[in-house]
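The residues making up each chain are set out below.
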Amino acid sequence: AALAQINKEPVIDAKVLDVLLKEICHALLEADVNVRLVGNLRNNVKNAVKIQDLAAGINKRKVIQKAVLDELCRLVEPGVETFKPKKGAKNIIMFVGLQGSGKTTTCTKLAYHYQRKGWKVCLVCADTFRAGAFDQLKQNATKAKIPYYGSYTETDPVQIAHEGVEKFKKEGFEIIIVDTSGRHKQEAELFEEMIQISTNPDNTIFVMDATIGQAAEAQSRAFHEATKIGSIIITKMDGHAKGGGAISAVAATHSPIIFIGTGEHIHDLERFEPRRFVQKMLGMGDISGLMET
Amino acid sequence: MFSFFKNITGQKAITEEDLAQVLANMKEHLIKKNVAADISTHLCESVAKNLVGQKTGSFKTIRSTVKQAMEASLKRILTPKTSVDLLRDIGQSQAESRPYTICFVGVNGVGKSTNLSKTCFWLLQNGFKVLIAACDTFRSGAVEQLRVHVRNLNALGQNSVVELYERGYGKDAAGIAKDAINYGKSNKFDVVLIDTAGRMQDNEPLMRALSKLVSVNKPDKIIFVGEALVGNEAVDQLTKFNQALKDFSGLQNPRHIDGIILTKFDTIDDKVGAALSMAYTTGQPILFVGTGQTYTDLKNMRVSHIVQSLLKE
Ligand SMILES: Nc1nc2c(ncn2[C@@H]2O[C@H](COP(=O)(O)OP(=O)(O)OP(=O)(O)O)[C@@H](O)[C@H]2O)c(=O)[nH]1
Ligand SMILES: Nc1nc2c(ncn2[C@@H]2O[C@H](COP(=O)(O)OP(=O)(O)OP(=O)(O)O)[C@@H](O)[C@H]2O)c(=O)[nH]1
Ligand SMILES: [Mg+2]
Ligand SMILES: [Mg+2]
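Residues numbered from 1 in each chain as written. Chains lettered and ligands numbered in written order. Predicted model: local features only at pLDDT ≥ 70, side-chain atom pairs only at ≥ 80, totals over all residues. Heavy atoms only, no water.

## Some thoughts on the overall build of chain B
A count of helices and strands for chain B gives 12 helices and 8 strands. Each principal axis of the C-alpha atoms in chain B carries an extent, and together these give about 70 × 40 × 35 Å. Sorting the 313 residues of chain B into buried and exposed places 56% on the buried side. (Helix = DSSP H or I, 4+ residues; strand = E, 2+ residues; numbered from the N terminus. Buried < 20%, exposed > 50% of the residue type's maximum accessible area, 1.4 Å probe, protein only.)

## Some words on the pairing of strand E1 (residues 91-97) of chain A
Residues and elements named next belong to chain A. For E1, the tally of buried residues reaches 7 of 7 residues, placing the bulk of the element in the interior. The alternating pattern of E1 places Asn91, Ile93, Phe95 and Gly97 and Ile92, Met94 and Val96 on opposite faces, both of which are buried. Bridging between E1 and strand E4 (residues 175-180) involves 4 bridges; their strand directions are parallel. Each residue of the ladder has a partner; that of methionine 94, found in E4, is valine 178. The sheet contact formed by E1 and strand E5 (residues 203-209) spans 5 bridges and is parallel. Its bridge partner being in E5, isoleucine 93 is matched across the sheet by asparagine 203. (Pairing = 2+ DSSP bridges.)

## Some points on the sheet that holds E1 of chain A
All names here are of chain A. Spatially, E3-E2-E4-E1-E5-E6-E7-E8 is the arrangement adopted by the 8 strands of the open sheet, whose pairing is mixed. The open sheet terminates on both sides in strands that have one partner only, identified here as strand E3 (148-149) and strand E8 (269-271). Here 2 bridges tie strand E2 (residues 121-126) to E3, and the two strands are oriented parallel to one another. What sits directly across from valine 124, in E3, is tyrosine 149.

## Considerations on the packing of aromatic side chains
All names here are of chain B. This structure, assessed with the given rule, holds 12 aromatic pairs over all chains. Summarising the aromatic geometry, the rings of tryptophan 122 and phenylalanine 288 are spaced 5.1 Å apart at their centres and angled 75° between planes, so their arrangement reads as edge-to-face. You can see tryptophan 122 sitting in helix H6 (residues 112-125) and its partner phenylalanine 288 sitting in strand E7 (residues 286-290), a full 166 residues away along the chain. Take tryptophan 122: its relative accessible area is 22%, and that puts it in the partly exposed class. In this structure phenylalanine 288 comes out as buried when scored by relative accessible area, which is 7%. (Phe/Tyr/Trp six-rings, centres within 6.5 Å; stacked < 30°, edge-to-face > 60°.)

## Some points on the nonpolar core
Leu72 of chain A together with Leu78 of chain B are the most contacted members of the largest nonpolar core, which has 170 residues in total. If one sorts the elements of this core by residue count, helix H2 (residues 14-30) of chain A sits on top with 8 residues. In this view, leucine 78 of chain B contacts Ala275, Leu276, Ala279, Met301, Val303, Ile306, Val307 and Leu310 of chain B; residues no more than four positions away in its chain are not counted. Residues Trp119, Ile175, Phe259 and Leu269 of chain A belong to the second largest nonpolar core, which totals 24 residues. (Core = buried A, V, L, I, M, F, W, Y, C linked by side-chain atoms within 4.5 Å. Contact = heavy atoms within 4.5 Å.)

## Overview of the packing of helix H3 (residues 37-51) of chain B against helix H11 (residues 273-282) of chain B
Residues and elements named next belong to chain B. Contact pair H3 / H11: the axes reach a minimum separation of 10 Å and the direction vectors enclose 75°. Classified by the angle between their axes, H3 and H11 sit roughly perpendicular to one another. Residues Ile39, His42 and Leu43 of H3 pack against Leu276, Ser277, Tyr280 and Thr281 of H11. Considered class by class, the residues forming the contact of H3 with H11 number 4 nonpolar, 3 polar and no charged. (Axes fitted to C-alpha atoms, helices over the stretch in contact; angles between N-to-C directions. Parallel < 35°, antiparallel > 145°, perpendicular 65-115°, else oblique. Nonpolar A, V, L, I, M, F, W, Y, C, P; charged D, E, K, R; others polar.)

## Here's the deal with the confidence of the model for chain B
Residues and elements named next belong to chain B. Residue-level pLDDT values for chain B average 93, and 95% of them are 70 or greater. Note on residues 1-6: pLDDT is under 50 here. Beyond four places in sequence and across chains, it has 0 contacts. Across the interfaces of the predicted complex, the ipTM metric reaches 0.95, alongside a pTM of 0.95. (pLDDT = per-residue confidence, 0-100.)

## Things to note about the interface of chain B and chain A
If you look at the interface, chain B gives 40 residues, while chain A gives 36 residues. Summed over both sides, the interface between chain B and chain A buries roughly 3200 Å², with carbon and sulfur atoms accounting for 53% of that surface. Remark: the boundary between chain B and chain A carries 1 salt bridge. Note that aspartate 269 of chain B and lysine 185 of chain A form a salt bridge whose closest N and O atoms lie 2.6 Å from each other. (Buried area = accessible area lost by both parts, 1.4 Å probe. Salt bridge = Lys/Arg side-chain N within 4 Å of Asp/Glu carboxyl O.)

Right, here's the structure in full:
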């Protein structure tokens, strides 16, 4: 509502700008955006606008609105090229992330997405840690009719990843998606394992839960330092969560958000739309007009 | 030296202006620790209300006065208001020759099944006979996940008795829970642990189904499993789970969440704010914190530890 309010103010001065910024910042903090990023946004907008310097006649409202939206879009879009699988090549995509963020579910969603577009896709379960992990992937893959590889007896995920990828490469698969166990930066061994599983993937996808709060930044940074992240998927966007915490991953990894998860079913995967995302984050539907200008 | 003297207020009565900046900083500090934004605001406002007009002791800074007041307030929120002694309660129902039933609920992927299994380990160590009811009949691998845990838990203890009650996928969870409890009763189990599917708090059909499971089976305890990683959503999740238990129950005296397990506590460093958000929102005790992925990673929460982490610069 804050950004709409600006249209009702008769005079736009530094004080109005301050109130406006305060409201926007509160909305962002409520959406779990990192405190430091919110602080930066506030300063950047202030610098960009410089009320007293604006010559009379210039539409101050427009200038402010544009500055806010530019900053928000900068938060969610790093402006780098998104990974695209290459036809005729063997594209290996590895999934990593915190425990329970939605990796296994999203792996199958993504495989299904590519399969429908005509790619030859398969799944490798390199999670030997979580109870029932292979059954989970197997049941999902079976439902989606996607070939999979995994083992009930082999306990070394590095070994399985290697075997699975080699097998599918030989069989001419174009996209090989590797699921891994959940892990976190505080357990060095888990990170070491991730580095070993990661045998030159063409893309490493970091899966983040939309409900994550202020711990997101440190975790994202640690994941990126251990294994170069190329893309981000934010899951559980079908709920009430705005996903503002997860965008810390964009700043920490300089990687784009490519999809959002919007449910537990296989087709619940949508392309990331910065505009809609920012709107939801601000808790309003009233900036659509602004973004077109 | 200068900054030291700058803040000295001596015997002067505290005014709102004195507090404004200190409280603004405190609020931001709490949000950085992952306390929900609105709760941070409320807390700071109520601290301000109590402090305005009070005299600060000589040589005491506003900052330390605020910190002290905040510390007391945090401690009060985090200290359980009801006594929690699951073992004693289970002993009681043993005397009544009926199994004690605990239902684990929460949103997707927070650690319900894993921490149910840790709770099971703890109960087995205390000599109880436990039945696990696989009432997540939706998520792929949910039943197998519990089967692995039951196998592990049986292998761990010499005399442990833990069994899985499952009816596969796609079935009505409330009915399975009912059958499991009856089975538990006939076979002299002390405790029945009911695993449920994860669900988003706004998903009405799924929330109705959960409420039905609860009103049909009347578990002794409803434990909400929430992860320490969660930010502002902690408030919404708990509010809406409670609301759904109330609105969809059709009962005169509807149930609510009786306690919380705060999971993934090992993943957040000192950003422990979710503990506060959850305790503040429900007024219910945090029964355990999950501190890892093995069976022994289930601990009692130390209020002083949380308060210290929250206030630490
Ligand atoms: N509502 C909703 N649920 C989701 C979404 N994505 C995943 N989930 C659910 O979140 C839970 C965890 O998902 P998993 O795919 O098992 O997560 P994971 O990251 O593989 O978990 P670990 O392997 O244990 O680290 C499951 O209940 C999924 O059904 C989503 O976009 N929306
Ligand atoms: N680091 C850490 N991981 C945990 C903890 N508790 C659970 N996990 C992990 O979190 C992931 C999800 O746990 P589950 O028990 O499957 O979660 P759930 O709530 O039952 O998930 P759904 O049934 O899919 O909604 C698993 O990888 C667990 O090992 C904890 O205290 N610390
Ligand atoms: Mg998984
Ligand atoms: Mg579960």
